[in-house]
Amino acid sequence: MTTVAVGTPFEDLSKGTKVWIPHEEHGWVSGVVINPIDANQVVTTVDDDEDHVEKAYPATQLFIQNPTILEGVEDMTTLSFLHEPAILHNMAKRYETNTIYTYTGSILIAVNPYRKLNIYSKDMIDAYCGQPLGRLSPHVYAIAENAYRSMLTDETNQSILVSGESGAGKTETTKFLLQYFAAMGNRESRLPTSPKPDDSNVEKRVLESTPLLEAFGNAKTLKNDNSSRFGKFIEIQFDQGVIIGAKIRTYLLEKSRIVRQTTNERGYHIFYQLTKGCSPVDSEELHIAPASEYVYLNQSGCLDVEDVSDEDQFLRTKEAMEVVGITAEEKKSIFTVISAILRLGNIAFAPGSQTDSSAVTDQEPLKLSAQLLSCDAKLLEKYLTTKHILAGNESYDVLLTPEQALSTRDALSMLLYSRLFDWLVNRINVSIQAKKEAKSFIGVLDIYGFETFETNSFEQFCINYANEKLQQQFNQYIFKIEQKEYEKEKIDWSYINFNDNQECLDLLEKKPICVLSLLDEESKFPKANAGTFCQKLTTNFAGSKKHPYFQLPRFGKNQFTVVHYAGQVTYSTEGFIEKNKDFIVPEHISLLEKSGNKFVASLFAKFWASQGAQGGKGGQFVSVGSQFRDSLGELMKSILATSPNYIRCIKPNQQKKPNKFDKLMVLQQLRCGGVLECIRISKAGYPTRRAYPSFVTRYSLLSKNIKRKDPRDPKITVGILLTDLGIPKDAYQLGLTKIFLRAGQIAKFEKMRTDLMNQSATHIQKHWKGILQKRKYSLLKKVTIRTQSGFRTFLAVALLRKIREKVAATKIQKTFRMFVQKKKLRNIKKGAIAIQSAIRKRFASQELSDRQREAAALFLQKIVRSIIARKEYFRLKRATVLAQARWRGKLARRLYSEMRIEARSIQRIVEEKTQLEKKVEELSWKFTAEIKIRNKMELERSQLEKKVEDSKVQLETVQVELKKEKEDLKKELEEIKKNLKDELKLKEQLQVEKEELSKNLSGLEGSSEEQKKLAASTQLEIEELSKQFEEEKKTLQDQLESEVSNLKVQLEKVEKEKEELKAKLAEAEKTISSLKSDVKKLTPPPMSSHGSQTIDPSRRPDMPSPVPSPATAARAIANSTDPPEIIFRQIARNVAGDQDKGDHQIVDFLVTCILSKYEDKTIPAFFVAGNSNVQVPMPAFVAVKTFLKNRRVEGTALDYLVHTVEVVSKKYHGDSTMLSFWLANAIILLHHVSDKDVINIPSITQGIPLTRNATLTDRLRHLVAFIYCTILDDVYQTLKPLIAIHLDETTGSPGSPRKSVRSLNKHNMKDATDQLTELLHTLQASHLPTKIIQQFFGQVFYYINSQIFNDIMLRRDLCTLSSGMEYKMRLSSIVEWAKKPENREFTAAATKELEPVRELASVLVVNKEILAMDEVRKEVCPNVKGIQLKQILSNYQPDDSFEEPISPAIVQAVVKSPEYNVEDQLLWNTTAIHPVSVKDLPDFKMEEINFPREIQVEFEGLFGTGERGDVKGRSGSDLKGKRFYQFWK
C-alpha cells in the first residue's frame, strides 16, 4: 500500500502550529500544537472542540496544515505539504462550493456531485476551445481539448483513461468527452479547408451508441444504479480534426450476472426494459412475461430502480437502435433472443430415472425456448441433460446430474448473450466506421475502477488485475512527465526511485507459475474446488516460496491476499473455478448453427473460426482468465501507442447524496486511482514550483536588499532572497523560468512572511497608539479654549442683539413708508396706461373692420365675375356644338339623297363594285409597300447601330454613313410625299366616279320593286365600303404625317449630333448611345384606335415576339451607360408592354444597377417621406408602391425580390454598409406586410428556419433575421480580437511590470470605440430606424459583456484587484462613448447590457469581506448570480505582497445565501439574440414621398399605372402619369 507521508519531523512542530490530527470517524480533524514535549508526546487541541481537551500524539501521526493561501487550489501538486489530510481537505473545500473538478498535475479528479450542474453548455465548450491545459479552471472539457489539440498539433494518437469505482460517474464523464469531440468535429467541418465527412450523422451515432451499450452492458449494483459491467475503449477517428468514424472495443463482459445476481442487485437493464416496455402484441408474439416470473431476474429480490422508468428507457433504447442503423427486423430478432435466454432460465431439472441423470421438470419453458430459437426441442433437451465425449475414435454420451445440467443451461444462456452482445458491438462499429483511412484517433477508455468489498470474488480479481496493469503504465507516464519538466527547466536532480509494481503483476500473470495459470490448471480438473485451488496457491507463493505481494489471512478459510498498489485485498476462492470456466458445448453450437431463425444462426455461423487459438471445435474449455489477460494485453498495446490523458472519477459518499463528502471513502478511492502515487512521485523531487515574478512579488519583503519594484532580473532577485534567508542549497533549485522547492518550503516562507507581518503590525500599532494619545490631549486643550471663548461670545452676542433691534426698528419704519408711496405711484401709472390702450384699441379696430369689408367685397366681385364668364363660355360652347351638329346633319341628308339617286342603276352598280374591289386591292398593295418601307428602315437602323459600335475607332466612316443615311432619309421622305400625292389623286378620282354613279342611279328611279330592293342592298354595301375606305385612308394619312414629322425632327438631330461628334471626341460614346435610342424612335409600332398594338401582316404566327425577356432586358439595362432618365424610360416601355416581365426587370434594376452602377449618387438611394423627414430606401419604396399598392401581397415579384436580396446579402458578407442598406429595405417591407411586432431569433448561428410552405411574411422575417445576424457576426469577428488583446494586456504574472491603467485604456479602448463609431455611422448612413439601431447596439454590448464575463469567470489569472480596476476603466470608456451627445440617442440605453461585467469588476475591487453580507451583495452586484460570485471568489488571487487571500468563510457565506442556486448557468450564452422588435417604427404614406427632380416625371409615370397597364387616376399625379404613359404608347 502506498503512503504519501509519514508524519512530520518533530523539529518542524512549534507552539501554535496548525496540524491535522487523526480521527476514527472523520479521518482527520484540524488542531493546534499546544506543547511540543518530544517526538513521542506533542500536546494538541482540536479546533472545533469547545472544551479544548488536550491530548498528546506522536509527531509521526501529525501533519502540518498548508497556509491559508493554498486552501482550495486547483492543482494539488502546488500544495506546500503533500500528504493525505491536505489533499482531502483541499478536495472537501472545493466540493463544498460545488467545484467538482481538481487537477493533480495533468490528472483530472472528478467528484460526482449527484446533482445537475449547468457547466456543460455549448458556451462552456466554446470557452475551453483553443485554451491550453491549466489556463482555465479544471474541467473535463480541458482534458478533452488538450487531447484534441495535441492530436492536431503533434500529429500523435491520444487516449483518455476514465477510471473510478462503480457510481463515481465514469459513464457520464465519457458522454461529456464524446459531446466535446462531436462539437469540435462540427466546428472544424465548417472550415472551407477542412475535409467534409462522408456521413454527417457519425457524431450522432457515436453519441447514441452509449445508451444502447448501457442497456445491454450496465446493471444495478449495490453501489451504483447504472454500473458498467464491461470495459470499453471508444476509438474516435479524425481527419484534420473532423470526425469521420469511430470504433468500439469491449472487455470482460460480466456474463455471470446474466444467470445470477447478489441480493438487491439486478441483471442487465435490457431484461427489465423488455419485460415492462414491450407492447402487448409483441409480448404475445415473443412470449414475454413479467420480470417476477423469470428465475434469472427474481432471484435477487430487486426488480426496479428508484426514479428510473424502464418503459421510458426501453423507448430510448429502441431510438438508439434506429440511429445506429438497426432495422426493425433485427430489433425483433434481438428481443427474441433475449426472451429465449429468459425462458432458458426457467428450465428446471430433477433427478432422472437412471443414476446420476437428470430430467426436465416442466416442458413449457423448454418448448418456448426452442420455439424462440427455432430449434428442435427434443435435441435441446438432450444437449442440456447429456454430455457427448470423444475418446479416440469412439464417442459416447454421458448423463448429467441436475446440478451439471443447470450449469450447462447457464453456459448456454451466457453464450447466447455474449454472442448477442458481440454482434451488437460489431453492428455499431459497422454503423460508425470511417469510409476512409483515419489520420489520427482519440481513444476513450471507460473501465471499472479498483474494487474491494467485504467478500471479493473472481470478478474483483479480474478488475483489480486490470487496474494493476493500468497503474503500471500510469506510474511510467507520471515519471516521464516529471523527468521532462526537470529537463526542460535545466534542473540538476537525482532521479527519483521509480516504485514499479511489476512484481505484483508477475504474481498475477507471469507464466509458468502465477495465479491465473494455476487457476486455469485447477479449472481443468473435474473434482477441483475452492479448497484445492487455495492450497495450490499456498504451496507456490507462501511458506518457503514466500512472495512479497502474496499473503494468507490469519482467519478465514479458502482465502488469499494480494498486496496491490492501492492496498491489500483478500479474495475468497469460492466460485473462482466455476466463474473461470467458460465451457463451450459443441452440440449447443451445432444446434444453434442450424436454427431456423436466420439471426440466431448468423450469431454462430463462424463461431469456431472466431475462437482461434483459444480452442478449436474439439476444445471445449476456454478460460475466462486467459481471455481477459489476452484482451487486456491488446488494450495496453493500444494505450502505449498513444499519448495518454487521465481522469479519475471519485464517489463522495455511499448514499449518493449531494453535498456529502466522506473523507475516508474518498481517501480509499484516491489510493485506488493512483492519485496518491502520483503525488508521491512528485514529492520525491521538487513538488512546489513558482514563477520568478510571482515569487518575488510575494516574498521580496523578507529581504532588506530587495526593493519593492526591483528592476533586476527576477531570477537574480530570487537568488539574493534565498541567500539572505539562509535557505539550504538542497531545498531548492533555480530553473529557467521557475524556482523548484522541496515539500514544505513554501509553508516556511509563509511562516516567515506572517511573522514579519505580525512584527510590522505590532510596530505600527505602537506608533499609532502614541499618535492617538497625542490627539486626545490636543483635543482636550482645544475643547477648554473653545468653552471659554464660547462664554465670552455669549455676552457679546447679547449686547449686539440690543443694538441690532434698535437699528432694525428704524429701518423697518423707513421701508414701510417708502412702500406706501411706491404703491400709490404704481396705481396712478397703471390707470393712465389703461386709458391710452383703450383709445388706441378702438381706432385700430375701426381700421381693421374697414380693411376686412373692402377685401370681402373684392372677393365677392371676383367670384361673381368668374361665374358669369363661365356661364357665357358654356352657353357659347353648347351653341357651337348644336350648330355643328345641325350643319353635319344637313350635309348627311344631302349626301343620302344623292346616293339614293346613284343606286338606281343596277348594271352600273355592279361595275362600280368591281372597280371598288380593285381599288381596295390597290390600297392593300400600297399598305404592304409601306410595311416594306418600314422594314427597310428597320434594316437601315440595324446597319446604323452596327456602324455606331465601331465609332470610336472609325469616326470618319461614321460621319460618311451619317451623310448617306441623311440622303436616304430625304429620298424616303420624297417618296412618302409622292405616295401622299397619289393618294390625293385617287381620292379625286373616286369622287368623280361617285358623282357618275349618282347620275346613273337617278335614271333608274322608275324601275320595278325588285330593282329597288337590289339598289337598297347595293347602297348599304357601298356605304360600308366607303366607311372602311375613309377609315383606312385616315389611318394611313395620320401615320404618314407622323412619320414625316418624326423624320424631319430626326434629320435635325442627326445634323446636330454630327457637329457634336466633331467638337467633342471624348463624349462620343455617350452621344452615340443617345443616337441609338433616338433611332429606335423613328419606327414606333403602329397603334389601333383603342391604343393596342396593330398586327404586322408580314409576321408569321410562329415568329418570336420583339419584346425582350425580363432577364435580357435587365442585363441590357444593367450594362447600359445611358443616363438615368433613358434607363427609366426603357423600364417604363417594358412595363407598359408586359407587366409580369416588367416586375422582374424593376427588381433586377434595383438590385443590380442602384448599388453597383450608381454609387456616384446619380440616382438617390433614399427618399424623404413627406414632412416626417423619414428616409425611405428606394428599393423598398418601389417594391411597396409597385407590388403592394394595387396587388396581392403574396406576389411572385416580391418573392423574387426577397430571394434576390438574400443572394446579394450572402455575396456581400463582411460589407456592413451594403448589408445595413438591405436590412433597412427588408425591415420596411416587413413593416408593410406583417402585423407581428417581434422577431424571435434562436441564436446567431441558427437564424429563423424556413418551412416548405413558408409565406411571404415568413420569408421576410427570415431575411431580416439573416441580414441582422450576418452583420452581428461581422461585428463579433471584429471585436473578438480586440477583447482578446484587452484581456491579455490585463493579465500578467504578479510582480511583472505592467503598463499603467490609463495607457492601456487609451491604447485598446480607442480601437474598440473607433470600431463602434464606424459601425454607428454605417447604420446611420443606411437610415435604419433608431429603434433598430438601439436594439443592435444592445446586442453588441451584450456580446462584449458575455465574452469578457465568461473569460473572467474561467481564467484564474484575470481574477485580481489590478485586473478589476482595469476592467472598470475600460468599460467606463465604452459607457462614456455611448453617452456622448452625438451617440446618446442610439447607444445610451444599450449600456445596461454591460452592467453584469461592470459589477463583476466591482467585486474584484471592493473589500471581499463585506460580500459576506446579503445587503452588500445586492447593492454591489445585483445582476451577478450566486454561483458566478462563488466562482469569482474561488478563483481570486492576490497580486500584491500585502494582500491576503479570500477567506473560505466568505465563499461559504455566498454558497449558503438564498440567491445561490447550483443549477444556474455559470456562463453567459454568447450566441443568444435578443428579440428584434419592429413595433412603433416610423410610419409614412407613399403619396408623401418627394421624388428627386431629375427622375420625378419618369418615375411617377412609370408607377402611376394600375393593373396591367391601365391608367388609374390618383390625385395630383394623374395628369403626369397619363401623359408619360400615352407618350410611350
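Residues numbered from 1 in each chain as written. Predicted model: local features only at pLDDT ≥ 70, side-chain atom pairs only at ≥ 80, totals over all residues. Heavy atoms only, no water.

Asks: Would you mind showing me how to read the nonpolar core here?
Replies: In a soluble, globular protein the nonpolar side chains are often hidden away together inside. Among the nonpolar cores identified, the biggest contains 240 residues, and F181, F216 and F1341 are the most heavily contacted of them. Looking at this core element by element, the count peaks at 15 residues for helix α39 (residues 1256–1290). Ignoring anything within four residues of it in the chain, the contact list for F1341 reads L1316, I1374, W1377, A1378, T1387, A1390, T1391, E1393 and L1394. One finds F233, C462, C514 and V569 within the second-largest nonpolar core, a separate group that totals 50 residues. (Core = buried A, V, L, I, M, F, W, Y, C linked by side-chain atoms within 4.5 Å. Buried < 20%, exposed > 50% of the residue type's maximum accessible area, 1.4 Å probe, protein only. Helix = DSSP H or I, 4+ residues; strand = E, 2+ residues; numbered from the N terminus. Contact = heavy atoms within 4.5 Å.)

Asks: I would appreciate a short explanation of the sheet that holds strand β18 (residues 550–551) in the present structure.
Replies: Each strand in a sheet pairs with another by means of backbone hydrogen bonds, the pair being arranged parallel or else antiparallel. Strand order in the open sheet made by the three strands is β18-β19-β20, with antiparallel pairing throughout. The strands lining the two open edges of the sheet, one partner per strand, are β18 and β20 (567–572). Both β18 and strand β19 (residues 559–564) contribute to a ladder of two bridges, which runs antiparallel. Bridge assignment links F550 to a residue of β19, and that residue is V562. Lying over the sheet, helix α15 (residues 458–488) contacts β19 and β20, oriented at roughly 150° with respect to β20. (Pairing = 2+ DSSP bridges. Axes fitted to C-alpha atoms, helices over the stretch in contact; angles between N-to-C directions.)

Asks: Mind showing me how you'd approach the side chain of S440 here?
Replies: If you trace the backbone, S440 turns up in strand β17 (residues 440–446). Leaving out residues up to four positions away in the same chain, S440 has contacts with M151, N157, I236, Q237 and F238.

Asks: I'm lost on the side chain of S358 in this one. Help?
Replies: Positionally, S358 belongs in strand β14 (residues 358–360). Since its relative accessible area comes to 11%, S358 is described here as buried. A polar contact of 2.9 Å, which involves the side chain of S358, links it to the backbone oxygen of L400. The contacts of S358, once residues within four sequence positions are left out, are F349, A350, P351, G352, T385, L400, T401, P402 and A405. (Polar contact = N/O pair within 3.5 Å; in protein donor to acceptor, adjacent residues only side chain to side chain.)

Asks: Can you walk me through the packing of aromatic side chains in this structure?
Replies: A full pass over the atoms with the stated rule returns 36 aromatic pairs. Their ring planes at 35° and their centres at 5.5 Å tell us that F560 and Y571 sit as a pair that is tilted. You can see F560 sitting in strand β19 and its partner Y571 sitting in strand β20, a full eleven residues away along the chain. Each of the two residues, F560 as well as Y571, counts as buried. The ring of Y272 has R266 sitting right over it, with the charged end atom 3.9 Å from the ring centre. (Phe/Tyr/Trp six-rings, centres within 6.5 Å; stacked < 30°, edge-to-face > 60°. Lys NZ or Arg CZ within 6 Å of the ring centre and 35° of its normal.)

Asks: Explain unusual backbone geometry here, please?
Replies: The phi torsion of most residues other than glycine is negative, and most of the peptide bonds are trans. Residue K511 is joined to P512 through a cis peptide bond whose omega torsion reads 10°. For P512, the position within the fold is in the loop between α16 (502–509) and α17 (515–523). One non-glycine residue, N558, lies in positive phi territory at about 55°. Its place among the elements puts N558 in the loop between β18 and β19. On the basis of relative accessibility, which here comes to 15%, the residue N558 falls in the buried class. Even without a glycine there, the phi angle at K656 is positive, about 60°. By secondary structure assignment, the location of K656 is in the loop between β23 (643–650) and α24 (663–672). According to the relative accessible area criterion, K656 is partly exposed, its value standing at 26%.

Without other data, these values stay purely geometric and don't point to any function.
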